[in-house]
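Working through the structure, step by step
Below are the chains, spelled out letter by letter.
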Amino acid sequence: MAHIIVVGNEKGGAGKSTVSMHVATALARLGHKVSVLDLDLRQRTLGRYMDNRHRFTEASGLDLPGASYHDLPEIDKAGLQPGENIYDHRLSAAVATLEPDSDFILIDCPGSHTRLSQVAHSLADTLITPLNDSFIDYDLLAHIDNDGVKILGPSVYSEMVWSARQLRAQAGLKPIDWVVMRNRLGAQRMVNKEKMEKALERLSKRIGFRIAPGFHERVIFRELFPRGLTLLDLKDIGVKQLNISNIAARQELRDMMKSLNLPGVEVDF
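Residues numbered from 1 in each chain as written. Predicted model: local features only at pLDDT ≥ 70, side-chain atom pairs only at ≥ 80, totals over all residues. Heavy atoms only, no water.

**So, the sheet that holds strand 9 (residues 210–213)**
The seven strands lie next to each other as 3-2-4-1-5-8-9, forming an open sheet whose pairing is parallel. Pairing within the sheet leaves two strands with one partner each, and these edge strands are strand 3 (68–70) and strand 9. Strand-to-strand twist of the sheet, defined as the mean angle between neighbouring strand axes without regard to direction, takes the value 25°. For strand 1 (residues 3–7) and strand 5 (residues 126–132), the ladder comprises three bridges, and the chain directions are parallel. Note on strand 5: the bridge partner recorded for Ile5 is Thr126. Packed on one face of the sheet, helix 2 (residues 45–60) meets strand 2 (34–38), strand 3 and strand 4 (104–108) and runs near 130° to strand 2. (Pairing = 2+ DSSP bridges. Helix = DSSP H or I, 4+ residues; strand = E, 2+ residues; numbered from the N terminus. Axes fitted to C-alpha atoms, helices over the stretch in contact; angles between N-to-C directions. Contact = heavy atoms within 4.5 Å.)

Structural data, given as structure tokens:
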């Protein structure tokens with residue numbers, strides 16, 4: 001049975017699609033069969049990323065390892081029972097089709113609350129939540145007092161993850177391994193950065209998630225998107241010597257993949 005990775009955060013701009021693309025490509029390069037779904041049916045940032053990769057490899061004649069992208073199948077509404085949701089069926093049909101031939105299914109969720117996102121979270125074996133290093137983004141997980149220390153209670157996204165956990169428990173499935181990824185970090189050690197680190201540590205013990213390192217803010221990620229490339233593809237396209245920033249970014253990806261503790265994955269790049 002495929003291990004399902006869901007990348008979710010109800011706030012845009014946290015780097016979900018960049019993280020999704022790199023995790024999926026890293027797994028493929030490590031020899032795993034990876035299928036990818038993009039549930040943002042309007043914007044399709046991850047879908048566009050993978051479209052760009054397909055066009056680039058065709059035009060350049062390169063055979064780069066990568067994941068397999070799939071659209072959600074269409075469902076005949078006439079076959080639905082009263083009260084059934086068509087999006088539930090589209091996602092469940094996609095997962096059922098992909099599971100037999102996939103080691104991992106990675107699902108990238110939109111930066112908003114949707115029915116598809118809700119269902120996807122209940123399917124997650126591993127949930128990755130990229131989070132900008134900001135108390136604005138932290139507010140998605142929990143409300144805090146003016147001092148930035150006291151936790152007043154969980155916020156909307158945490159409550160959705162809690163509901164997904166309850167659904168999995170009722171179905172007799174393993175608990176979600178929830179990983180909050182500190183992403184788009186600044187290079188400097190600032191007071192806000194230290195406050196965020198402590199706030200996340202306190203919150204992780206209260207609502208049950210692990211903290212993992214993500215990517216620093218780097219220009220390279222904006223440059224890779226038009227060609228659908230990742231950090232792991234640079235040498236294959238003829239970049240003989242990586243600059244210091246690219247080397248550091250590769251190390252961040254290596255640390256990220258190790259911290260996910262995905263089953264059967266040995267990170268050796």
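**Digging into the pairing of strand 4**
Most of strand 4 sits out of view: five of its five residues are buried. Side-chain alternation along strand 4 places Phe104, Leu106 and Asp108 on one buried face and Ile105 and Ile107 on a second face that is also buried. Pairing analysis gives five bridges linking strand 1 to strand 4, with the strands arranged parallel. Across the sheet, residue His3 finds its bridge partner in strand 4, namely Phe104. Pairing of strand 2 with strand 4 involves five bridges; the strand directions are parallel. Its bridge partner lying in strand 4, Asp38 is registered against Asp108. (Buried < 20%, exposed > 50% of the residue type's maximum accessible area, 1.4 Å probe, protein only.)

**Examining the layout of surface pockets**
A volume near 550 Å³ is recorded for the largest pocket. When residues of the lining of the largest pocket are traced back to their parent elements, those giving at least two are helix 1 (16–29), helix 2 and helix 8 (219–224). The residue inventory of the lining of the largest pocket, partitioned by class, reads eight nonpolar, 10 polar and eight charged. Considered as a void within the structure, the second largest pocket measures approximately 370 Å³ in volume. For the lining of the second largest pocket, a count of residues per class yields seven nonpolar, three polar and five charged. (1 Å grid on protein atoms, 1.4 Å probe; cavity = no way out; pocket = protein on both sides within 12 Å on 5 of 7 lines; lining within 4 Å. Points joined across faces, edges and corners; volume = space filled by probe spheres on them. Nonpolar A, V, L, I, M, F, W, Y, C, P; charged D, E, K, R; others polar.)

**Overview of the pattern of salt bridges**
As a working rule, side chains carrying opposite charge can pair if their charged atoms are close by. Within this structure, the stated rule accounts for 14 salt bridges. With its nearest N and O atoms 3.4 Å apart, the salt bridge here joins Arg44 to Asp51. Accessibility expressed as a relative area gives 22% for Arg44, which makes it partly exposed. Across the pair Arg53 and Asp233 runs a salt bridge, and its minimum N-O distance is 2.7 Å. Note that Arg53 is positioned in helix 2 and Asp233 in the loop between helix 8 and helix 9 (244–260), a separation of 180 residues in sequence. On the basis of relative accessible area, Asp233 is assigned to the buried category, the value being 0%. (Salt bridge = Lys/Arg side-chain N within 4 Å of Asp/Glu carboxyl O.)

**Digging into the side chain of Asn52**
Within the fold, Asn52 resides in helix 2. Sequence-distant contacts of Asn52, that is, excluding residues within four places in its chain, are made with Phe225, Pro226, Arg227 and Gly228.

**What about the side chain of His22?**
Of note, His22 is situated in helix 1. A polar side-chain atom of His22 sits 3.1 Å from the main-chain amide nitrogen of Leu231. In this structure His22 touches Tyr49, Phe215, Phe221, Leu224, Thr230, Leu231 and Leu253, once residues within four positions along its chain are discounted. (Polar contact = N/O pair within 3.5 Å; in protein donor to acceptor, adjacent residues only side chain to side chain.)

**Some remarks on helix 3 (residues 86–98)**
Between its first and last C-alpha atoms helix 3 spans 19 Å; for 13 residues at 1.5 Å apiece the expected length is 18 Å, and the two agree. Buried residues along helix 3 sit against strand 1, strand 2, strand 3, strand 4 and helix 4 (115–123). (Expected span 1.5 Å × (residues − 1).)

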